[in-house]
Amino acid sequence: MRVIKEILNNTFIVEHRDSSFLATKSRYPPFYGEKKIGDYREWKAYRSKLAAVILNGYTPSIKKDAVMLYLGVASGTTASHLSDILDSGIIYAVEYSATPFKKFLELAEERENIIPLLEDASKPENYSGIVEPVDFIYQDISQKNQIEIFSTNADLFLRDGGEGIIMVKARSIDSTSEPSEVFNFVLSELEKFFDILKHGGLEPFHKDHIFVHVRK
């Protein structure tokens, strides 16, 4: 195995047996069925929208000592790799559904830089006494009001000049409109509150999705 390119802290394109893949350097074992070769855990784009963003050519700047609020952490696939990246930072991770949260707790118990919160992200006041001001918000929530959820949490927790990425699923917002119409609406709404740094699709890994990277 050889490292081809470093992308972010502890994040690399590596080559093994004539194939290359995205990976994070990690001292932890595999978490969701990904392969691990030496110190490198494969980061699967079909399982993680952030990996899809990176493999599609855009890498957001996420500092290794950042304080992050993760909304919609589910079972922790992407969070496991963000935990590798933020090896001197911290992740406050919010999930509403108890079923994936149970799996996520296995990860949180293993990682010192993850604080799990079984909460409703649409009610950030419920965890406002726990979460400190953050440098970055990452959101992946398939709800109709996902823009409102992102903006409300940013108002409460995101530092001035802080950044965030929201993964937008068109069908969750409006299942009757064309995805392009939904995305244009989302961008126009986000522009009211944030500077949009970059946005783009997640094909071929995730259909009818875009990411939007913003700064407060």
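This text follows the structure it describes.
First, a word on what this report is: a plain description of the structure on this page. (Residues numbered from 1 in each chain as written. Predicted model: local features only at pLDDT ≥ 70, side-chain atom pairs only at ≥ 80, totals over all residues. Heavy atoms only, no water.)

## Quick word on the sheet that holds strand S9 (residues 134-139)
How we decide: Between any two strands, pairing holds if DSSP finds at least two bridges. Secondary structure elements are taken from DSSP: a helix is a run of H or I of four residues or more, a strand is a run of E of two residues or more, and numbering for both begins at the N terminus. All axes here are fitted lines through C-alpha atoms, helices being fitted over the stretch that makes contact, and every angle between N-to-C directions spans 0 to 180 degrees.
The strand order across the open sheet built from seven strands is S8-S7-S6-S9-S10-S12-S11, with neighbouring strands paired in mixed fashion. In this open sheet, the two edge strands, each paired with only one partner strand, are strand S8 (114-118) and strand S11 (195-201). In this sheet, neighbouring strand axes are inclined to one another by 15° on average, regardless of whether the strands run parallel or antiparallel. Relative to strand S7 (residues 90-95), strand S6 (residues 67-71) is paired through five bridges, and the arrangement is parallel. Within the sheet, the bridge partner assigned to Leu71 lies in S7 and is Val94.

## Things to note about the pairing of strand S3 (residues 19-25)
Inspection of the sheet shows strand S2 (residues 11-16) paired to S3 by six bridges, in the antiparallel sense. Paired with Ile13 across the two strands is Leu22, which belongs to S3. Counted between consecutive antiparallel strands, the loop separating S2 from S3 contains two residues, among which Arg17 sits at a positive phi close to 55°. For S3 and strand S5 (residues 40-42), the ladder comprises three bridges, and the chain directions are antiparallel. From the neighbouring strand, Thr24 faces S5, where its bridge partner is Arg41.

## A few points about the pairing of S9
Keep this limit in mind: Relative accessibility decides the category of a residue: with a 1.4 Å probe and only protein chains considered, values under 20% of the type maximum give buried, values over 50% give exposed, and everything between is partly exposed.
By the criterion of burial, S9 is predominantly enclosed, with five of the six residues buried. Relative to S9, S6 runs parallel, the two sharing four bridges. Looking at S9, one finds that Met68 is bridged to Phe136. In this structure, S9 lies alongside strand S10 (residues 158-169), joined through five bridges in parallel fashion. Within S10, the position partnered with Tyr138 by the bridge is Ile165.

## Examining the environment of Glu163
We count it as follows: When checking whether two residues touch, look at their non-hydrogen atoms; a contact exists if any pair is within 4.5 Å. Under the rule applied, a polar contact is a pair of N or O atoms within 3.5 Å (in protein, one hydrogen donor and one hydrogen acceptor; residues adjacent in sequence only if both atoms are side-chain atoms).
Structurally, Glu163 can be placed in strand S10. Residues Glu163 and Ile7, 156 residues apart in the sequence, show an inter-C-alpha distance of 18 Å. In contact with Glu163, not counting residues within four places along its chain, are Ser61, Asp135, Phe136, Ile137, Leu158, Leu197, His213, Val214 and Arg215. Looking at Glu163, its side chain comes within polar contact range of the side chain of His213, at 2.7 Å.

## Some thoughts on the side chain of His209
Topologically, His209 is positioned in strand S12 (residues 209-215). Given the relative accessible area of 11%, His209 is considered buried. Side-chain polar atoms of His209 contact the backbone oxygen of Lys207, separated by 2.7 Å. Excluding residues that lie within four positions of it along the chain, His209 makes contacts with Lys49, Val168, Lys169, Phe183, Gly200, Gly201 and Leu202.

## Here's the deal with the sheet that holds strand S4 (residues 36-37)
Spatial strand order, S1-S2-S3-S5-S4: five strands in an open sheet with antiparallel pairing. Only two strands of the sheet have a single neighbouring strand rather than two, namely strand S1 (2-8) and S4. Relative to S5, S4 is paired through two bridges, and the arrangement is antiparallel. The residue of S5 that forms the bridge with Lys36 is Arg41.

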